[in-house]
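# An overview of the molecular structure
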Amino acid sequence: MWKYDERNTLRVNLSPDISFRNRHLNYWKNNHTYRINKKSTELSMSYMGLNIEYTHGNRREQNSTTNEFSYTFGMDTRLPELMSLVDVVDDANPLYISEGNPNLKGSRSMNHGLSWTINPPGIMYNSLRVSYRSIYNNIVNGYTYDKETGIRRSRYYNVDGNYSYDMMNNMHVSFGRDARFGISSNTSVRKDHSVDMIGTDGADPTLTSANTIAISQGVDGTYYCGTKYRQYISVGFDISNRRTSREGADDIDALHTQFSLSGNFSLPAGFEINTNFSLYTRRGYGSKELDTTDAVWNAGISY
């Protein structure tokens, strides 16, 4: 940590996770032994983390605005299971046949994140975060399905092209006498691009991809009506839209909404009652089993 003065602070944290592994497998089938030995001194970096934070301002100073900026980096690695490297066909279940892939490689994911948090004078808070993740040599279980025989064949593959990015913003502000009123807002936008291996009608698996975009907005309002902020009434509303498109499949444009009303109140003799009511709706799936409206009410008493 470097502290230039009372209003400027820089923190840097590096956290690698390095290990040595000895992985060995003997697999016997049909009077034949298959040996898988992954180097007795195999070096593996399962995780590498980096966090850089810069703070401008001093929360202890009255009427001071504090800004916090941070960048995070993370790298995760995943090794294939030894059994998936055995070059044999497992047909013990005639309707589900699995094959090994001796050329399977380990996967690596890279994560980047940027965030900004501001605390201006008064009772207010806002945090904005943007992140990006990509996976190289992602290990997927590809399969092909024969509709006539009902036989499914699977094999692990390495694929590239998986990534996701998202943006999240959280805000809270309190106001009124003794800051008894509070409003919170939570906004998120996310996109996922997923790649896998799928085959139909007995054909060999081929690369397929799917795109999913999810947008969500939630707003909550709270009023503290008792002493020591133990009694309150809260109203919330959340709406999210998820759109998914996949090659060779119907697109999905789903809308989820949730309305909630909750409260906590004091009773005589030290008892408290808390209750909440929520109304959930789902639309856009094209099925009455999924396009539903559900109401849930909970209540409890404590002493």
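### Some words on the packing of aromatic side chains
- Scanning the entire structure with this criterion turns up six aromatic pairs.
- Relative to phenylalanine 69, the ring of tyrosine 54 has its centre 6.5 Å away and its plane inclined at 20°; by these criteria the two rings are stacked. Of this pair, tyrosine 54 sits in strand β3 (residues 32–56) while phenylalanine 69 sits in strand β4 (residues 66–78), and the two are 15 residues apart along the sequence.
- Relative accessible area serves as the criterion here: at 29%, tyrosine 54 is assigned to the partly exposed category.
- You can call phenylalanine 69 partly exposed: its relative accessible area is 38%.
- Between the aromatic rings of phenylalanine 271 and tyrosine 303, the centroid separation amounts to 4.9 Å while the plane-to-plane angle is 45°, which identifies the pairing as tilted. Residue phenylalanine 271 is found in the loop between β15 (252–266) and β16 (272–283), and its partner tyrosine 303 is found in the segment after β17 (293–302); the two are separated by 32 residues along the sequence.
- A relative accessible area of 34% means that phenylalanine 271 is categorised as partly exposed.

### Points about the pairing of β15
- Where strand β14 (residues 232–246) meets β15, 13 bridges bridge the pair, whose relative direction is antiparallel. Opposite isoleucine 239, over in β15, you have threonine 257 as the bridge partner.
- In sequence, β14 turns back onto β15 through a hairpin of five residues, with glycine 248 there showing a positive phi of about 80°.
- Relative to β16, β15 is paired through 12 bridges, and the arrangement is antiparallel. By the bridge assignment, serine 262 is partnered in β16 with asparagine 276.

### Quick word on the pairing of strand β12 (residues 181–200)
- Two strands pair when backbone bridges link them, and strand β9 (residues 138–145) and β12 are joined in this way by three bridges, in the parallel orientation. Residue pairing for β12: tyrosine 145 is matched across the bridge by threonine 200.
- Strand direction decides the pairing type here: strand β11 (residues 162–175) and β12, joined by 13 bridges, are antiparallel. Of the residues in β12, the one forming a bridge with serine 174 is glycine 182.
- Between β11 and β12, which follow one another and run antiparallel, lie five residues, and glycine 176 among them has a positive phi close to 85°.
- As judged from the 18 bridges shared by β12 and strand β13 (residues 206–224), these two strands associate in the antiparallel manner. Within β13, the residue paired with histidine 193 across the bridge is asparagine 211.

### Focus on the pattern of salt bridges
- With the rule as written, the count across this model stands at five salt bridges.
- With a closest N to O distance of 2.8 Å, arginine 190 and aspartate 192 form a salt bridge.
- The structure contains a network of salt bridges with shared partners spanning Glu99, Arg153 and Arg155.

Procedures and definitions
Residues numbered from 1 in each chain as written. Predicted model: local features only at pLDDT ≥ 70, side-chain atom pairs only at ≥ 80, totals over all residues. Heavy atoms only, no water. Phe/Tyr/Trp six-rings, centres within 6.5 Å; stacked < 30°, edge-to-face > 60°. Helix = DSSP H or I, 4+ residues; strand = E, 2+ residues; numbered from the N terminus. Buried < 20%, exposed > 50% of the residue type's maximum accessible area, 1.4 Å probe, protein only. Pairing = 2+ DSSP bridges. Salt bridge = Lys/Arg side-chain N within 4 Å of Asp/Glu carboxyl O.

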